[in-house]
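Summary of the model geometry
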Amino acid sequence: MPVTTGIAFEEYVWRNWWLRSFPTSDWSSEQQVSLAGTYKVDFVAYCGNNRAIGDAKDKARLTVQDVEKLIEDAGIYKARWLYLIIAADTRFSCSIRECTDDYGVEIIRTRWRA
């Protein structure tokens, strides 16, 4: 499976999912936001005290570390909504699904490489 990680997928997610889910008429959104220390998150949105955080993952398989990093970033940012946005062909195990369900992380599957 060819994987094109990075900027192209993040731009696709930004235009095709993030800004549609958090319209600029109601929300302020930013890309590549630095958090405490060396932490960097792909997307944030905020409207008053409501905060969302998202991580774009264009990879073959989600890992526990992907979920843990998003949860840690969400704690720093004090986000209420957490999203892992993945490519159409990204796989994940039942244990990853249980972990995301336990922590309120929503996995969004895009049509990237569908």
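Shown above is the structure to which this text applies.
Rules and cut-offs
Residues numbered from 1 in each chain as written. Predicted model: local features only at pLDDT ≥ 70, side-chain atom pairs only at ≥ 80, totals over all residues. Heavy atoms only, no water. Helix = DSSP H or I, 4+ residues; strand = E, 2+ residues; numbered from the N terminus. Rg over C-alpha atoms; globule rule 2.2 N^0.38 Å. Contact = heavy atoms within 4.5 Å. Areas by Shrake-Rupley, 256 points an atom, 1.4 Å probe, with all protein chains shown as cover. Lys, Arg positive; Asp, Glu negative; His and termini not counted. Charge placed at Lys NZ, Arg CZ, Asp CG, Glu CD. Phe/Tyr/Trp six-rings, centres within 6.5 Å; stacked < 30°, edge-to-face > 60°. Lys NZ or Arg CZ within 6 Å of the ring centre and 35° of its normal. Buried < 20%, exposed > 50% of the residue type's maximum accessible area, 1.4 Å probe, protein only. Arc of directions from axis to C-beta. Pairing = 2+ DSSP bridges. Axes fitted to C-alpha atoms, helices over the stretch in contact; angles between N-to-C directions.

1. A few points about the overall build of the chain
Looking only at helices and strands, the chain has three helices and five strands in total. For the chain, the sequential pattern of α-helices and β-strands runs α-β-β-β-α-β-α-β. Its C-alpha radius of gyration of 13 Å places the chain within 12% of the 13 Å reference for a compact globule of 114 residues. With the C-alpha coordinates of the chain rotated into their principal frame, the extents come out at 40 × 30 × 25 Å. A fraction of 59% describes how many contacts in the chain between residues 6 or more apart in sequence connect residues 24 or more apart. About 6,400 Å² of surface is accessible on the chain, with carbon and sulfur atoms providing 49% of the total. Distance between charge centroids for the chain: 3 Å, based on 15 positive and 16 negative side chains.

2. Considering the packing of aromatic side chains
Applying the stated rule across the entire model yields 13 aromatic pairs. Between F22 and W27 the ring centres are 4.9 Å apart and the planes differ by 80°, which places this aromatic pair in the edge-to-face class. One aromatic cluster is present, formed by W14, W17, W18, F22, W27, F43, W81 and Y83 through successive ring pairs. Here the basic side chain of R51 rests over the ring of Y77, its NZ or CZ set 4.8 Å away from the ring centre.

3. So, helix α3 (residues 94-103)
Within α3 the residues assigned to the buried category are I96, C99 and T100. What you see down the axis of α3 is that its buried residues fit within an arc of 95°, all on one side. Residues C94, E98, D101 and D102 are exposed on α3 and point more than 90 degrees away from its buried face.

4. A closer look at the pairing of strand β3 (residues 50-57)
Of all eight residues in β3, six are buried, a share of seventy percent or more. Where strand β2 (residues 40-47) hands over to β3, the hairpin turn is made up of two residues, of which G48 adopts a positive phi near 65°. Both β3 and strand β4 (residues 81-86) contribute to a ladder of six bridges, which runs parallel. For K57, the partnering residue across the bridge sits in β4 and is I86.

5. Re unusual backbone geometry
Phi at Q32 takes a positive value of approximately 50°, unusual for a residue other than glycine. For Q32, the position within the fold is in strand β1 (residues 28-34). Notably, R113 is not glycine yet its phi reads approximately 65°, a positive angle.

6. Notes on the sheet that holds β3
The strand order across the open sheet formed by five strands is β1-β2-β3-β4-β5, and the pairing between neighbours is mixed. Strands with a single pairing partner mark the edges of an open sheet, and in this sheet they are β1 and β5 (105-109). Recorded for the sheet is a direction-independent mean angle of 25° between the axes of neighbouring strands. For β4 and β5, the ladder comprises five bridges, and the chain directions are parallel. Across the sheet, L84 pairs through a bridge with I107, a residue of β5. Where helix α1 (residues 7-21) meets the sheet, it contacts β1, β2, β3, β4 and β5, and its direction lies at approximately 155° from that of β1. Contacts from helix α2 (residues 64-77) reach β2, β3, β4 and β5, with the element oriented near 155° to β3.

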